[in-house]
Amino acid sequence: MSASSPSGFRLIYEVEPPREPDLSKFARQLEIFGGVVDTVLIPDNHLGRPALSSVALAIEARRQGFTPIVALNARDRNHLRFRSDLMTLSAFGIEDVLLLYGDTIDHGRSDLTVRSMLAEDCPPGLRRGVVAPMEKPLAWRRPADYVFTQLGEDGLACAARLKAEGWTKPVYGGTGALQTRALAERVTASIPGYTVCEGYFDAFDADPDAGFRDALRCMDVLIECGADGAHLVVPTGRRRFAELLAEWVVARDPAPARVVESPV
């Protein structure tokens, strides 16, 4: 069962790809969020560390009834590999890719860029997304079919600005659901441009769910500004956040739940 998101607002859960040849952790995340979201974003060697292929995991997620958005890093590909990945995804009926450069690594970088990937011919029916810059115009990114914004308050402001400027394609706002104060301090310090509202850290002292409730507040902000969905990053405490997210969905759109059929 998957609850319907309010007014078509898309809930996109970013999975943590396994770093060993075992799908059990991936399957567990799908099980936890399967009652709330139907879209999953699958990172590509996140943080510059090897993990199971985003292409392979996307195929498995689709087989289980989810809509995958597949991250493809320029850092790890040449042009031939990139074209091959696009063909593979299209052949398996996957419709969305998010084009990224990738986190910094010490060696082995490709000369491919997000700009050159976006300029490549794409199989019919495959939509390409990019990350919007915080303050600069979209410029060469405008041909993208949708954009993601970065995590934090400045990312929310970016989503609102794009909508106010008349951008008509989907905008998905970055939303961090951070379980503890220590985790929140570490994550926000490690991601450039990740800003938080006043009193954010102190709220953890009074409410153990403060980080999760702030994520729900950010989703309200995104709905109010006309954004099309939220990109949910939940490093820990996933089951508890899924419970709160389900309550949030029901409170804003008490429509009957929609069934996501599992393949036979």
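Below you will find a few notes about this structure. (Residues numbered from 1 in each chain as written. Predicted model: local features only at pLDDT ≥ 70, side-chain atom pairs only at ≥ 80, totals over all residues. Heavy atoms only, no water.)

Over its 13 residues, helix α3 (residues 79-91) runs 19 Å from end to end, which matches the ideal 18 Å to within 8%, given 1.5 Å per residue. Where α3 is concerned, the buried positions are Phe82, Asp85, Leu86 and Leu89. Mapping the buried residues of α3 onto a view down its axis gives an arc of 100°, with all of them on the same face. Exposed residues pointing more than 90 degrees away from the buried face of α3 are listed as Leu80, Met87 and Ala91. Its buried side turned inward, α3 meets α2 (54-63), β3 (67-73), β4 (96-100) and α4 (114-119). Looking at where α3 begins, the residue whose side-chain oxygen comes 3.2 Å from the main-chain nitrogen of leucine 80 is asparagine 78. Once α3 finishes, glycine 93 follows within two positions and takes phi at roughly 80°, a positive value. (Helix = DSSP H or I, 4+ residues; strand = E, 2+ residues; numbered from the N terminus. Expected span 1.5 Å × (residues − 1). Buried < 20%, exposed > 50% of the residue type's maximum accessible area, 1.4 Å probe, protein only. Arc of directions from axis to C-beta. Contact = heavy atoms within 4.5 Å. Polar contact = N/O pair within 3.5 Å; in protein donor to acceptor, adjacent residues only side chain to side chain.)

The geometry of α2 relative to α3 is characterised by a closest axis approach of 10 Å and an angle of 5° between their N-to-C directions. The angle between α2 and α3 falls in the class roughly parallel. Note on element contacts: α3 touches α2 through Asp85, Thr88 and Leu89, opposite Val55, Ala58 and Ile59. (Axes fitted to C-alpha atoms, helices over the stretch in contact; angles between N-to-C directions. Parallel < 35°, antiparallel > 145°, perpendicular 65-115°, else oblique.)

Another point: the pairing of strand β1 (residues 10-14). Here β1 lies mainly inside the structure; five of its five residues are buried. By the alternation rule, side chains of β1 split into Arg10, Ile12 and Glu14 and Leu11 and Tyr13, which are all buried. Pairing of β1 with strand β8 (residues 229-233), which is carried by four bridges, proceeds in the parallel orientation. Residue pairing for β8: leucine 11 is matched across the bridge by alanine 230. (Pairing = 2+ DSSP bridges.)

Strand order in the closed barrel formed by eight strands is β1-β2-β3-β4-β5-β6-β7-β8, with parallel pairing between adjacent strands. Each strand of the sheet is rotated relative to its neighbour by a mean of 25°, with strand direction disregarded. By the bridge criterion, five bridges tie β3 to β4 in an arrangement that is parallel. Each residue of the ladder has a partner; that of asparagine 73, found in β4, is leucine 100. Taken strand by strand, α3 contacts β3 and β4, and its axis lies near 175° from that of β3. On the sheet, helix α5 (residues 153-164) packs against β6 (146-151) and β7 (171-176) and is oriented at approximately 150° with respect to β6.

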